[in-house]
Number of protein chains: 4
Amino acid sequence: MAPLTSPKETNRAALFRIIFGTSTPAGRAFDVALLWCIVISVVLVMLESVPAIKARYGHEFHVAELCFTALFTVEYLLRLWVVERPVRYAFSFFGVVDLLSILPTYLSLVMGGAHTLMVIRVLRLLRVFRVFKLVRYVREAGMLRDALIASRRKILVFLMVVLSITIIFGTVMYLVESPEAGFTSIPTSIYWAIVTLTTVGYGDIAPQTWLGQTLAAAIMILGYAMIAVPTGIVSVEIARSGSPGPKCLSCHATGHLPDAVFCRKCGAALPSP
Amino acid sequence: MAPLTSPKETNRAALFRIIFGTSTPAGRAFDVALLWCIVISVVLVMLESVPAIKARYGHEFHVAELCFTALFTVEYLLRLWVVERPVRYAFSFFGVVDLLSILPTYLSLVMGGAHTLMVIRVLRLLRVFRVFKLVRYVREAGMLRDALIASRRKILVFLMVVLSITIIFGTVMYLVESPEAGFTSIPTSIYWAIVTLTTVGYGDIAPQTWLGQTLAAAIMILGYAMIAVPTGIVSVEIARSGSPGPKCLSCHATGHLPDAVFCRKCGAALPSP
Amino acid sequence: MAPLTSPKETNRAALFRIIFGTSTPAGRAFDVALLWCIVISVVLVMLESVPAIKARYGHEFHVAELCFTALFTVEYLLRLWVVERPVRYAFSFFGVVDLLSILPTYLSLVMGGAHTLMVIRVLRLLRVFRVFKLVRYVREAGMLRDALIASRRKILVFLMVVLSITIIFGTVMYLVESPEAGFTSIPTSIYWAIVTLTTVGYGDIAPQTWLGQTLAAAIMILGYAMIAVPTGIVSVEIARSGSPGPKCLSCHATGHLPDAVFCRKCGAALPSP
Amino acid sequence: MAPLTSPKETNRAALFRIIFGTSTPAGRAFDVALLWCIVISVVLVMLESVPAIKARYGHEFHVAELCFTALFTVEYLLRLWVVERPVRYAFSFFGVVDLLSILPTYLSLVMGGAHTLMVIRVLRLLRVFRVFKLVRYVREAGMLRDALIASRRKILVFLMVVLSITIIFGTVMYLVESPEAGFTSIPTSIYWAIVTLTTVGYGDIAPQTWLGQTLAAAIMILGYAMIAVPTGIVSVEIARSGSPGPKCLSCHATGHLPDAVFCRKCGAALPSP
C-alpha cells in the first residue's frame, strides 16, 4: 500500500470525508446528526437509571438502546473500513471510546445485563468531544488551556499547600474532636477539612467542642481568603495570553506588549497596530 | 394615519410624554410613583404567600390587591391609548408583562383564584426594569453587560467543561455509592456533583464510602480551583472595556486614561472624547 | 470662649493630648491600654453568654464588669472634661458609642439586668476602631475603601441583579416545590435562593422534585459563575488605585499611568519615577 | 575547630553532601528515597487511625512502624554526626521535626502507647518540605509567597473587617434567634457567622425566624461579594510581581516582558537579566 495519507477518490474516500471531515456540507450534517444521537442516547442511559422511569418505560428503553447500538455499530464498522490504518484507529483514544459505546449492550445480551456494564454507556458522552472540532469555540478553549498550562506549576504548588493544610488540620481535628461528632479516623477528618476549606460544607461532619469550632473557623477563613491565589494566577495568565500585541515582521517573535514600538527579540521596528 | 412617530400636541401627546418619557419633571414623578406601586404590590404578593400572615390579614390583602389591579389597569389602558401603534405595544415584551400583571386578579374573580395564577403577579417585578431607564446606573450596567458579552464564548466553553465534569463524576459516583446515601439515580448523582462542584454543599446527599469521599474531595478541590477561570475571564474583560481612552493623533500612542487631555508619550493635545 | 481648637497648656490640655492624641509616648500608651481593656471586656461579655461558664464564674464576671464600667466611666467623664465642646462630643458617633458602653451596666443595676441590655455592651467593639488611628494600616484600609467607593455603582447594579434573580427563582421554586420540602412561602423560597446563589447551602431547605433540582442546579451554576463579576470589578479598581504613577509638578494632577512621560492634564513633562 | 563551613573531604563530608545536598546524583537519590519513606509512613499513620483497618492489620502496622522508626533514627543520628554544629541543628526547626518523627514510637514502647502520642507522627509530613528544595517548583512558590507578603497589610485589614463583621452579626443573631435554633451563646453565634460569611454553610445552626433569615441573607450576600476583595488584592500583586522585566539603560523605559532582549520603546539592547 502506498504511503499516501488520503485514500483514493472512491466511495471509501467519499465516506472518509463525510465521517471524519468537517469541510463539506455532508460532513458537517453527519457530525450534527451524530451529536444528536450521542446526546439522546446518553440522556436515555441517565433516565433509565431512575427506578420509577425504568419500571414504566423499561421496554421502550430496551428497544431504543438496541436501535442506538445498531446505529453506532454501523458507524464504528464504517470508520474501521474508511480509515487507512484500521488497527491504529481501533487502539486510538476515540477508537476505544467508540468501541466502549457499543460493547456493553452486546455483552448484556450475552451475559444478562450487569448493572455496572450498562452505566459504562455514559462514556458515549466523551464522543461528543470528537464532534466539537466542528465548532468555532476551539480557539477560545485553546486560549483557556494555554492560560492553565502556563500557570500549571503555580497551581501545583497551590494544590500541594492545600493538601498539606488539610492533612495537618484534619489530624489536629481528629485529636480535638470526638468520634461522635463524625471525626472517626484521620482520613475522615482530612475529608472534613477538604469539605470545609473548599467552602462546600456538607454538615454531615461538624465540630462540637469550642476548640474544634475555633479551628474550623480558622480553616474556613483560610479557605475563604486562599481562593484568591488560584484566581489571581489564572487572571494574570489570561490577561497575558489575551493581549498578544503586534508580531515582528523581521524575526516573527510574538508576545510583545500592546504598546511596544520595537521588537523585544531582534530590535526591528514593529508594525503599528 | 401619517407615519410620524410622535403624536400630535394634544392631551394624548402630553400623556405620552408623562407615561413613556423621563425628560420632563412630570414624567420622572410618574416613573417614581409607578416604581413604588410595583415594589409595594410585589411585596404584598410575597407576604400573602406566608400562611400565618394570610390567615390574619387575608381581607386587607384582597382589598389592596383590587386597588393595585385597578391602578395598573388604568395605566395599561392609558398606555394602549397614547402609543401610536397599540397592537405592537400589546405584543411587545413589556406589553405582555403589563398585561400579565393585571390578568391573574381578573381571572381569579371569575374562576375562584387558583394558587398558581396568583403567584404570576410576582412577574410585576419585571416591570421594575422598565422604570430603570430613569436611573443613571444604566451606563455601569452596560459596561458589565459588554464585558459579559465579550467573554460569552469563553464562558460557554467553561460551562460545557463544568457540565461534562459533573456528568462524568455524577455517573461514577452512582456506581461507587449506594442508593442509601442518596445516589438513587444518575440524574440525582449529577445533581449532587453540581451541588458539590459549585461549593454549595447542601449535605442531603453525601458520600459514605471511602472511595466516594475521595472522589468527592477531588471534585471539591476541582470546583474550588476552577472558579478562578470565569473570574479571570471577566476580570480581564472588565479591565479591557473599562479603559479604552483616547488615541493620540500626533504619535498614535494608545492606553491613555479615559480623562486624559494630553498625550502621555509626546505631550500633544488629545482629541476630546 | 475663644475659637481656638487646642485647649490652653494646662492639666486639661495635657490630658487632651494623652487621651485624644497619638503623637506623644503617653498618648500611644493610653491607646494601647484602652485597646486591651476594650478587647478583654468584649471577650468577657461573650464568655458570659455561654451558660456553662456563667453558671460557674457568674460572680467573677459581675465584679469584672463593674470594674470595667468604672474604668470606662472615668474615661468618658475625662473625655467630656478635656474636649473644647463637650456637647458636640457627646452627640458624635464615638461619643454615643462611648456612652452605650457604660450605660447598660448602670441600667441593669437599677432595673435588674435585662438580657438584651447586657448584650449591647458588645458595641464596645466599635470603640476599637477609634484606637485604630494609631496603626499604620490606615493607608491600606483607605486604598481598599477607595477601590470600593470607585466601584460602588457597578456593585449596586450587581446586587440589584442578584436580588432580581433570587426573587424570580424563589417565586418559581415556591410554585414548583411543595411546602414539605421547606418552601413554605415566597419569602422563605427567596431566602433559599439567596442561600443557594451565594453557594452557602445550609441544606435545611432543599428541593426534592426533579424540576426543582434542575432549577436549583441552574441557580447554583449561575451563582458559581456570577461571583466573577464583583471580583473582576474590584480587581480592576484595586489595580487602578494601586499604581498611582507620577504626580505633575506644574498642575498637581495625579492618576497618570506608571510609564507616562507627559502630564495628561496640562501636557507638562512629568518627573521621572 | 576551624570556622570553615564545609567539612573536610572525608567519609563524613561525603555523607554530608549526600544527606543535605541535592547537587550530586547520590544526594538526589537519597532525597527521593527519603520522600517516599516519609509519605508511606504518614499514610500508614493515617490508615492506622481507621478502626476497621487497625483491627485487621494491627500487627503489620506495628512492625512497619518499628522499621520506619529505626530508619528515621539512623538518618537522624547520621545528620547529627555529619553537620558541623550538631546542637544548632538539633534545635533548628527541621531538627525538632526530625526528632518528633521518631520520639513518639520510643515513648509508646516505654509508656504503653498513648493515643495522642501516636498521632504526632503525622508531623513527619512537615519533613516533606525539606525535600522540596529538590524540586524546581521553589521559584514559583517564592513568587506566590512574595505576592502574599507584599499584600499582607491589605489582607490583615481585610481579616480585621471580616472579624468585626462576624462578631457584630453574631451578637445580633444571638439576640434575634432562640437557643433552640442553635444560637446558644455569643461565641457559637460568631462561629455561625463565620460559617455563613465564608459561604461554608454547614446547616447545623440555621436561623428560623424571618428577622434572623433576613440578617442571614444580608451576611451571605456580603460574604459572596466581599470575596472579591482578597482576590483583587492578590491578583494585582501577582500581576505586579510576575512581570518586573529589565529596564532600558538608554531611554529608561520599564515594563518590558521578562524575556525581552531589545527595548520596546527605543530599540536599544536591554541588559541581560
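None of the values given here were measured: they were computed from a predicted structure.

Novice: With reference to specific residues and values, describe the pattern of salt bridges.
Specialist: For the structure shown, the criterion picks out 16 salt bridges over all chains. Where Arg12 of chain C meets Glu84 of chain C, a salt bridge forms, and the shortest distance between an N and an O atom there is 3.9 Å. Here Arg12 of chain C is found in helix H1 (residues 11-20), whereas its partner Glu84 of chain C is found in the loop between helix H3 (51-82) and helix H4 (86-90), with 72 residues between them in sequence. The class for Arg12 of chain C is partly exposed, based on a relative accessible area of 24%. One salt bridge connects Arg79 of chain D with Glu75 of chain D, and the closest N-O pair in it is separated by 2.6 Å. Here Arg79 of chain D and its partner Glu75 of chain D are both found in helix H3 (residues 51-82), four residues apart, which amounts to about one turn of the helix. Comparing Arg79 of chain D with Glu75 of chain D shows no difference in burial state: the two are buried. In this structure, a network of salt bridges that share partners links the residues Glu75, Arg79 and Asp98 of chain A.

Novice: Requested: an account of the packing of helix H1 (residues 11-20) of chain D against helix H2 (residues 25-48) of chain D, with residues and values cited.
Specialist: All names here are of chain D. In contact at an axis separation of 6 Å, H1 and H2 are set at 50° when each is read in the N-to-C sense. Our classification of the angle between H1 and H2 gives oblique. Every residue of H2 that contacts H1 at Arg17, Ile18 and Ile19 is listed here: Ala26, Gly27, Phe30 and Asp31. Residues belonging to the contact of H1 with H2 are distributed by class as follows: four nonpolar, one polar and two charged.

Novice: How would you explain the environment of Ile168 of chain D if you had to name every residue and give the values?
Specialist: Tracing the chain through its elements places Ile168 of chain D in helix H9 (residues 152-176). With a relative accessible area of 28%, Ile168 of chain D lands in the partly exposed category. C-alpha separation for the pair Ile168 of chain D and Gln208 of chain D, spaced 40 residues apart in sequence, amounts to 19 Å. Contact partners of Ile168 of chain D, with chain neighbours within four places excluded, come to Leu125 and Leu126 of chain C.

Novice: Explain the side chain of Ser185 of chain D to me, and be specific about the residues and the numbers.
Specialist: Among the secondary structure elements, Ser185 of chain D is positioned in the loop between H9 and helix H10 (186-197). Under the relative-accessibility criterion, Ser185 of chain D is labelled buried at 3%. Not counting residues within four places of it along the chain, the set of residues in contact with Ser185 of chain D comprises Ser49, Val50 and Pro51 of chain C together with Tyr174 of chain D.

Novice: I'd like to hear about the packing of helix H10 (residues 186-197) of chain A against helix H11 (residues 210-226) of chain A, residue by residue, with values.
Specialist: Residues and elements named next belong to chain A. At a minimum axis distance of 8 Å, the contact between H10 and H11 shows a crossing angle of 50°. The angle between the axes of H10 and H11 places the two elements in the oblique class. The residues of H11 that touch H10, namely those facing Trp192, Ala193, Thr196 and Leu197, are Ala216, Ile219, Met220, Leu222 and Gly223. Tallied by class, the residues present in the contact of H10 with H11 amount to seven nonpolar, two polar and no charged.

Novice: Quick one: what's the story with the state of the cysteines, residue by residue and with numbers?
Specialist: If you walk through the whole model with that rule in mind, you get zero disulfides over all chains. Left unpaired, Cys37 of chain A is separated from the closest cysteine sulfur, that of Cys67 of chain A, by 11 Å.

Novice: Report on the confidence of the model for chain A, specifying residues and quantitative values.
Specialist: Residues and elements named next belong to chain A. Summary statistics for chain A give a mean pLDDT of 80 and a share of 82% for residues scoring 70 or more. Here helix H6 (residues 115-119) stands out as the element of chain A with the lowest mean pLDDT, 70, in contrast to H10, whose mean of 93 is the highest. Low confidence marks residues 1-7, where pLDDT is under 50. Its contacts with residues over four positions away, or in another chain, come to seven contacts. Predicted complex metrics record ipTM = 0.78 and pTM = 0.82.

Novice: Please provide a residue-by-residue account of a nonpolar patch on the surface, values included.
Specialist: Taken together, the side chains of Leu66, Leu99, Leu103, Tyr106, Leu107, Leu109, Val110 and Met111 of chain A present a nonpolar region at the surface, about 710 Å² in accessible area. When residues of the nonpolar patch are assigned to their parent elements, the largest contribution, seven residues, is made by helix H5 (residues 93-111) of chain A.

Novice: Describe the side chain of Thr188 of chain D, listing the residues and the values that go with them.
Specialist: All names here are of chain D. Here Thr188 is to be found in helix H10. For Thr188, a relative accessible area of 15% gives the class buried. Among all residues touching Thr188, those that are not within four sequence positions of it are Gly182 and Ile205.

The rules we used
- Residues numbered from 1 in each chain as written.
- Chains lettered and ligands numbered in written order.
- Predicted model: local features only at pLDDT ≥ 70, side-chain atom pairs only at ≥ 80, totals over all residues.
- Heavy atoms only, no water.
- Salt bridge = Lys/Arg side-chain N within 4 Å of Asp/Glu carboxyl O.
- Helix = DSSP H or I, 4+ residues; strand = E, 2+ residues; numbered from the N terminus.
- Buried < 20%, exposed > 50% of the residue type's maximum accessible area, 1.4 Å probe, protein only.
- Axes fitted to C-alpha atoms, helices over the stretch in contact; angles between N-to-C directions.
- Parallel < 35°, antiparallel > 145°, perpendicular 65-115°, else oblique.
- Contact = heavy atoms within 4.5 Å.
- Nonpolar A, V, L, I, M, F, W, Y, C, P; charged D, E, K, R; others polar.
- Disulfide = S-S within 2.5 Å.
- pLDDT = per-residue confidence, 0-100.
- Patch = residues over 30% accessible without salt bridge, like charges linked within 9 Å, V, L, I, M, F, W, Y side chains within 5 Å.
- Areas by Shrake-Rupley, 256 points an atom, 1.4 Å probe, with all protein chains shown as cover.

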